[in-house]
Structures are given as structure tokens and as C-alpha cells.
Amino acid sequence: MMQPNRSRLRYLLGYRCFAKPALYVRFLAGFRKPGKTGQNTALNAPVGVSAWKKAGLANHYLEGRYVEGVRKVAWVTSGAPIEILRALGFYVFYPENHGALCGARKVATEIMQAAEQQGYSPALCSYARTDLGSLLSGKTPLQKIPRPDLLLACTNICQTVLSWYRCLAEYLNVPLYLIDTPFLFRDATPDQIDYVKRQLEGLIPVAEQVAGRSLKWSRLRQVVSWSKEATQLWLEVLETAKAKPSPLTAFDGFIHMAPIVEQRGETHAIRYYRDLLKRLQNRIQRREGAVKEERFRVLWDNLPVWYRLRHLAEFLAERGVNVVASTYTYAWAELAPMMDSNRPLETIARTYLHVFLNRPARSKLKVMEKMIHDFQIDGVILHSDRSCKPYSLGQMDQRDHLVSRLNVPALLLEADHNDSRAFAEQQIRTRLEAFVEMMEQRK
Amino acid sequence: MTLPAAIGIDAGSTTIKLVAIDRKGEVILQVIEKTEPLVAPQAERLLKSVLEETGASGSVPVVATGYGRKLIRSATLHKTEIACHAAGIYEEFQQAGTLVDIGGQDTKVIRLDSDGRVINFAMNDKCAAGTGRFLENLANRLNIPIEKLGPEALGASKAQPISSTCTVFAESEVISLLAEGIPLQEILLGLHQALISRLSAMVQALQPAPPIFLSGGGAKNPALAQLLENSLGHPIRISARPQFVGAYGAALIGLKTDLPSKTALPL
């Protein structure tokens, strides 16, 4: 009993009374200097949110340092149905987001090598390698990652998570709950929804036991409605990029997607996107673009290249390219209308079944076609992500379709979302420049 | 000598090429050298000597392409190899088709429409197995002049399959095959086939429209042209000056673009 009490004290005094207020003060006082973007580059300063909202996002990771032994912790895959866990008061941690953070801070490759030294293949997903490497070496840019009491993996994003989370369960000796989502060749059938729903019903007692409390259905409905609201707002945020010039780049979107992934089902995500949306709408009224001179509007497919995010944004902006939209950020928004808080379990089953990566390549192509039309796209960059096979599969056919049928220039760009060793600087520069030349020829 | 109206420099990974053209787009002078570790001074030196040789006084547009393009400060414009190769090959053949350029460490496939615009392109990434470097390495290892590789390979009655497409590992494979007494010609044919199987997959992925134009140092190798033709099933047309297509295209772009009348080099 000593341990939890000490943790609680640390949480109350260290986190609630000191670290959290200090974080807010730091953000509100503007101690965090803005980046140099917008000063001497082809990009205008990106639209942010208020310091208060920004602090709210940083607070998520800060709380993680103190939360062990106070709130139950779950590690989940990015496509996992977290609403049940949220309703039970879990602190939810996303190894994939942590991986992205390591990538953006340019420490992922070093961390991954720790996993490779233990025998994990370099062909394994770089998120998995970053996570396992971080666990094995203790390296993280976040000082401390809370150890989980429960692991929840859902196969709707890929099959790698199956083995990855089994390894985690083995290392950490905590229960793992797997949700299997059958691949959808067309819209989900009632049987398929029922199959996932029954697995969700099975998750409830497992999570209840770990949490030490019972699920309140009213709370679950509340969480689902918050998820829906945040998702809806995120969709509206992304759709502001339909304006010409676009107030937003997909690179900004990659940064602003943190709340929809990590804080979905919490009120902070709603407040964050409401604020962001208002600021973007103001920017549209001012007719100010994210890129100072927007000559070409481009769609990005697949995950971002986290360790070269700003570099790519600036490189393209200098050439008049605004990457206005991406299928990746859109994937977290497009299912908003599907959610219905009155039938929480069925809604969760249906929504999480229909995520992008659980549907065939032609369905992504359809979404891309619609986006090309809606966002008035001049060209498409298909990031062939060495790590994300399910996302990259079919891109070659998609490129051919875009080029031959829709007459839209498309570039297949080989890289990796987190492993900087797979990024060939010179080759990528040449390809991107040639892609811009291709669009220029058509203007 | 006619005064040049534009100059193109293609600073590639293996060789650096320079082409000077007159107002009509006719080649006045072309120069090729092995790329030195410091590309910038080499390019400046070549440029200076060409300007002196042709008697050009100064304000000639210079367009740079190739991996070293950004290092050539005196260039009035920098263009990618894709745009330059497309311009160069279109000027030569004046029709739609697909260009395969087998360069030193870079192989390009470019699809052109009937106006010479680039519809689509692909380049090898992260691996030099489908490029000239693959054969160059082995020629060095086997002590055979590179220009003899192709004719030697075509002299074989059958090919010895080479399982490794990795440039480095293929070397050790070849050494052990020679030790086993396999005739050199058969090994050479196998090596060419290994390169072509890799290259052909890259070309096919781009849904090539015939005819196939061939350029780059690799186009001078008759075995590559023949094997590629067999593999793709489309007629191959080899550029008259395969190694200069990029530099020639760069010069053409210099001729056609309204460039600021900036002196290329302080003479």
C-alpha cells in the first residue's frame, strides 16, 4: 500500500500543484519561443492555437510522467477504440505518437538501433522499432513514459501490431487485448459489425478488472459524443484548406493531428479544434495563405516524413507548392458522420472497421479523387513509406490511374516515416523538383 | 567557330558533360570528362575553356543539370535531369515515347507526350543495381575495358545466371564462378541480364509507351540495348549522342527560356 500512496502524493504535489501550473505559466508567458518559420522562409507563420490550448496538449505528456500508480495506463495502437478505456478513466498512451515525436525530434533512428541490436529486423515498421527500442534502452525525449497496466491492439491499421503488442506483453508482463477487424472489401456487413461488437463486449470486463471499477454507460455515451464532436471539428479544420490560398498546409495538419489521435474523447480536443478552426477562418477572411506564394496545390498520400517535416514544407513552399491536404490527416476526420453516441458499441465497431487502412486500395483512390476535386489539386505526392506496407500497397496503380485517367501529375516518393536512413536527400530533392517542373509545364 | 547561343552542363555522378549550341539548336561543341571530387571548380574550368574556344564573349545562358547542378554557381538556371533529358531526347526524335537513361548511379525512365512534356517519370532509389555502376564495378574487377563488356557478353551462347543483383555481392559471386571454371562470356551475359531484369521492372512499372529511347553511358553497350528490347518487347531507338542528352537538353532549355542576360562567367 505504500507505493500507491507515494505515487498519489507525487501526482498531487509534484504534478497537480507544481508541474502542471508551471507548464501553463510557461506557455502563457510565452517562454516557449516561436520557431523561425514565417520569418525568412516562403511560409507564413503557421496558424496555432492559444497558449492555453497548446499547454493542454503538452500537459498530456507531462501527466504521463506522474500518472503511474495513480491512474491506470493503457498503451494502444493508433486505430484502437479507446472510448471504453477513456470512460473507465485510463490514461491512454500511443506508442505510435511517441514514435512520431521521436522522429520529429530526430532521435528515432538512434532509438531504433537499440531494437535492431536486439535482433529486430530493419525491415520491421519504424514505429514498432522506435517503440521497442525505447522500451529496451529507456531512451525517450519525454523524460519518462508511463508503464502500462493494459495493452490494447486493433488490427484495423495493420497486422504488424499483432506481433508488436505480443512482444510488449511479454516484456511488460501485462494483459493484452487484441481486437480483430476483418478487412472490408465493401461496406461492413451486419455480421462483421457484430463480430467486432462482441469483441468490444469482451474488452469491457477485462478493462474493468484492470481499472478496478465498472463501466458507466452514460459516461461511455458521453465519451463517444466527444469523440464525434472532435472528429467533426477536425474535418472542418482540414476543409478550410479548400480556400484559395489555403490557410493551412498538410504539414501543419500533421502537427495539429496530435489531439485527434491522443485526446479523442476528451473535451480538450474539442476546445483545441474550435480555437484552431476560428483562427483558420479568420485567416481565410484576411486572404492570407499558409504559403506566401501559392502556385500549386498538392495532395500528400501516406504518413509524413517526421524527421524532415519542416525541411520538406520549406523546400516545397520555396517552389510555390502548398501541400494543402493529405489522406493521412483526413483519415482521422472522414468517419465523423458515422458516429452515433446513442448506440456506442455498435458505433465504435462500425467506425473502427471503416478506417482507411482496413479498406481496399480502390477505396482510397476514390477518396483521393474526391479530394483532388474538392481541394482543387494540381498534383499528388505519394509517399511510398517503406515502413507502412498497408498504406503503400497499391500506390503504383494509384499513380498510374492519377496520371493516365485523371491527367494529374503524381510522384512516387520513396522514404520512411521514421527511419532517416531510408531518406536519400539528393534523390528526393531531384524528384520533387522534377515534379514541380511537371506541374509548371501544365500551367 | 560559330558563337554559342546557349550552353548546357550536366554534372553527373560519373561524368560531367558540357554542350554548346547555336541559335538553331545545332551542337557546336561537346565535352565530357570524368567527374572529379570537387565538381564546382571542374565545371567552371570546363565552362571557361569552352567559352574561350568558341570565342563567346560573355552573356551566354548556361543551364546546369545533374546531381552537381546546384554547385555550379555561374549557371543562369538550374533544371532537373528529368526536364533536361526530356528536352534533349524530344528534340532528337520529335515524338512521344519513353526514355530510358542508364547513367552512372542513376537510371531514369521518362514518359513523354507528343508535345515533349513529361507525363511521368521514375528513378532508381537507394540502390545502384540497375545502373551503369553495376557493370562499371565489375569491368574494373575483371580488368576488362568497359566498352568491351557488351560485345563480349553478346559472344556467349548461353548465360550464367547471377543470383545477386547487389553490385557489391555480385562481385564475389563472379569471382567464385570464374574459379569454378565458368567461361567469362557466359558470366558477362548473366550480369547484363541481371541488370536488365532490374531495369525492366522499373520501366514496366511506368507503363511505357513505345518507342523506347535509350540514352546515358549504358546506351553505348550493345548487349544492354538488345536485352532491353527483348525484355520489353518494344523497339529501341538509341540516341545519336547518348551521353550528352541531358547537357544538350539543358542547352536547349537555355535557348528557349527568357533568361536574365547575366554573364555566365566573369571573363
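The rules behind the values
- Residues numbered from 1 in each chain as written.
- Chains lettered and ligands numbered in written order.
- Predicted model: local features only at pLDDT ≥ 70, side-chain atom pairs only at ≥ 80, totals over all residues.
- Heavy atoms only, no water.
- Patch = residues over 30% accessible without salt bridge, like charges linked within 9 Å, V, L, I, M, F, W, Y side chains within 5 Å.
- Areas by Shrake-Rupley, 256 points an atom, 1.4 Å probe, with all protein chains shown as cover.
- Salt bridge = Lys/Arg side-chain N within 4 Å of Asp/Glu carboxyl O.
- Helix = DSSP H or I, 4+ residues; strand = E, 2+ residues; numbered from the N terminus.
- Buried < 20%, exposed > 50% of the residue type's maximum accessible area, 1.4 Å probe, protein only.
- Core = buried A, V, L, I, M, F, W, Y, C linked by side-chain atoms within 4.5 Å.
- Contact = heavy atoms within 4.5 Å.
- Buried area = accessible area lost by both parts, 1.4 Å probe.
- Polar contact = N/O pair within 3.5 Å; in protein donor to acceptor, adjacent residues only side chain to side chain.
- Nonpolar A, V, L, I, M, F, W, Y, C, P; charged D, E, K, R; others polar.
- Expected span 1.5 Å × (residues − 1).
- Lys, Arg positive; Asp, Glu negative; His and termini not counted.
- Pairing = 2+ DSSP bridges.
- Axes fitted to C-alpha atoms, helices over the stretch in contact; angles between N-to-C directions.
- Left-handed = near helix turned anticlockwise from the far one by under 90°.
- Disulfide = S-S within 2.5 Å.
- Parallel < 35°, antiparallel > 145°, perpendicular 65-115°, else oblique.

(A) Summary view of a nonpolar patch on the surface. Residues and elements named next belong to chain A. On the surface, a nonpolar cluster with roughly 290 Å² of combined accessible area is contributed by Leu9, Leu12 and Leu13. Note that leucine 12 resides in helix H1 (residues 2-28). On the accessibility criterion, leucine 12 (40% relative accessible area) is partly exposed.

(B) Molecular detail of the nonpolar core. By size, the foremost hydrophobic cluster in this structure holds 169 residues, and its most contacted members are A:Leu85, A:Phe90 and A:Val380. The element contributing the most residues to this core is helix H9 (residues 217-239) of chain A, with 10 residues. By size, the runner-up hydrophobic cluster in this structure holds 38 residues, among which are B:Leu135, B:Ile187, B:Leu227 and B:Leu232.

(C) Region of interest: the pattern of salt bridges. Under the defined criterion, the tally for this structure stands at 41 salt bridges over all chains. With a closest N to O distance of 3.9 Å, A:Arg264 and A:Glu83 form a salt bridge. Of this pair, A:Arg264 sits in the loop between helix H11 (258-262) and helix H12 (267-285) while A:Glu83 sits in helix H3 (residues 83-87), placing them 181 residues apart in sequence. Residue A:Arg264 is classed as buried on the basis of its relative accessible area of 5%. A single network of salt bridges, built from pairs that share partners, joins A:Glu318, A:Arg319, A:Glu433, B:Arg69, B:Lys70 and B:Glu81.

(D) Here's a closer look at the interface of chain A and chain B. Contacts between the two partners involve 24 residues from chain A, matched on the other side by 21 residues from chain B. Summed over both partners, the interface of chain A with chain B comes to about 2100 Å²; 46% of that surface belongs to carbon and sulfur atoms. In this assembly, chain A and chain B are joined by 3 salt bridges. Measuring nitrogen to oxygen at the nearest pair gives 4.0 Å for the salt bridge that ties B:Lys79 to A:Glu437. The interface formed by chain A and chain B holds 6 residue pairs in polar contact (both at pLDDT 80 or more) in total. Of all the secondary-structure elements, those providing two or more residues to the side of chain A that touches chain B are helix H18 (395-405), strand E8 (410-415) and helix H19 (425-442) of chain A. Counting residues per element, the side of chain A that touches chain B draws most heavily on H19(A), which supplies 12 residues. Partitioned by chemical class, the residues of the side of chain A that touches chain B number 10 nonpolar, 5 polar and 9 charged.

(E) Quick look at helix H16 (residues 361-374) of chain A. Residue and element names in this part refer to chain A. Taking 1.5 Å per residue as the helical rise, H16 with its 14 residues ought to reach 20 Å, and the 20 Å between its terminal C-alpha atoms agrees with that figure. Those residues of H16 not exposed but buried are Ser363, Lys364, Leu365, Val367, Met368, Met371 and Ile372. Backbone geometry just after H16 places glutamine 376 at a positive phi near 50°.

(F) Fine view of the side chain of B:Asp10. All names here are of chain B. Secondary-structure assignment places aspartate 10 in strand E1 (residues 6-11). Despite being buried, aspartate 10 has no salt bridge partner; lysine 17 is the closest side chain of opposite charge, sitting 4.0 Å away. The contact partners of aspartate 10, leaving out residues within four places of it in the chain, are Thr15, Ile16, Lys17, Thr65, Gly66, His85, Gly246 and Ala247.

(G) Representation of the side chain of A:Asp385. All names here are of chain A. Structurally, aspartate 385 is set in strand E7 (residues 379-385). The side chain of aspartate 385 sits in the buried core without any salt bridge; lysine 389 is the nearest counter-charge, 7.7 Å away. A distance of 3.0 Å separates a polar side-chain atom of aspartate 385 from the backbone nitrogen of serine 387. Each residue touching aspartate 385, except ones within four places of it in the same chain, is listed here: Asn302, Leu303, Ser392, Ala415, Asp416 and His417.

(H) Representation of the environment of B:Ile110. Among the secondary structure elements, B:Ile110 is positioned in strand E7 (residues 107-112). Separated by 13 residues in sequence, B:Ile110 and B:Met123 place their C-alpha atoms 8.7 Å apart.

(I) Layout of the sheet that holds strand E2 (residues 15-21) of chain B. All names here are of chain B. On the basis of which strands lie adjacent, the open sheet formed by 5 strands has the order E3-E2-E1-E4-E5 and mixed pairing. Looking along the sheet, the strands with just one partner apiece sit at the ends: strand E3 (27-34) and strand E5 (77-78). Note: E1 against E2, 6 bridges, orientation antiparallel. Of the residues in E2, the one forming a bridge with alanine 11 is isoleucine 16.

(J) Region of the structure containing the packing of helix H13 (residues 309-318) of chain A against H19(A). Residue and element names in this part refer to chain A. Interaxial distance between H13 and H19 falls to 11 Å at its minimum, and their mutual angle equals 35°. The element H13 and its partner H19 pack so that their crossing is right-handed. From H13, His311, Leu312, Phe315 and Leu316 reach across to H19, where they touch Glu425, Arg429, Leu432 and Glu433.

(K) How the structure looks around helix H7 (residues 222-232) of chain B. All names here are of chain B. Inspection of H7 places Ala223, Leu224, Ala225, Leu227, Leu228 and Leu232 among the buried residues, and these make up the whole buried set. Contact partners of the buried residues in H7: strand E6 (97-102), helix H3 (132-142), helix H4 (146-154), helix H6 (184-204), strand E9 (212-215) and strand E10 (236-238). With a side-chain oxygen lying 2.9 Å from the backbone nitrogen of alanine 223, the N-terminal cap of H7 falls on asparagine 221. Looking one or two residues beyond H7, the residue adopting positive phi is glycine 233, at roughly 70°.

(L) Molecular detail of the state of the cysteines. Residues and elements named next belong to chain A. A complete count under the given rule lists 0 disulfides over all chains for this structure. Left unpaired, cysteine 154 is separated from the closest cysteine sulfur, that of cysteine 158, by 10 Å. Cysteine 154 sits in the buried class, given a relative accessible area of 1%.

(M) Quick look at the packing of helix H4 (residues 95-104) of chain A against helix H6 (residues 126-137) of chain A. All names here are of chain A. Running from N to C, H4 and H6 point in directions that differ by 90°, and their axes come no closer than 9 Å. Viewed along their axes, H4 and H6 adopt a mutual orientation that is roughly perpendicular. Here Pro95, Glu96, His98, Gly99, Ala100 and Cys102 of H4 lie close against H6, whose contacting residues are Tyr127, Thr130, Asp131 and Ser134. Of the residues in the contact of H4 with H6, the class split is 4 nonpolar, 4 polar and 2 charged.

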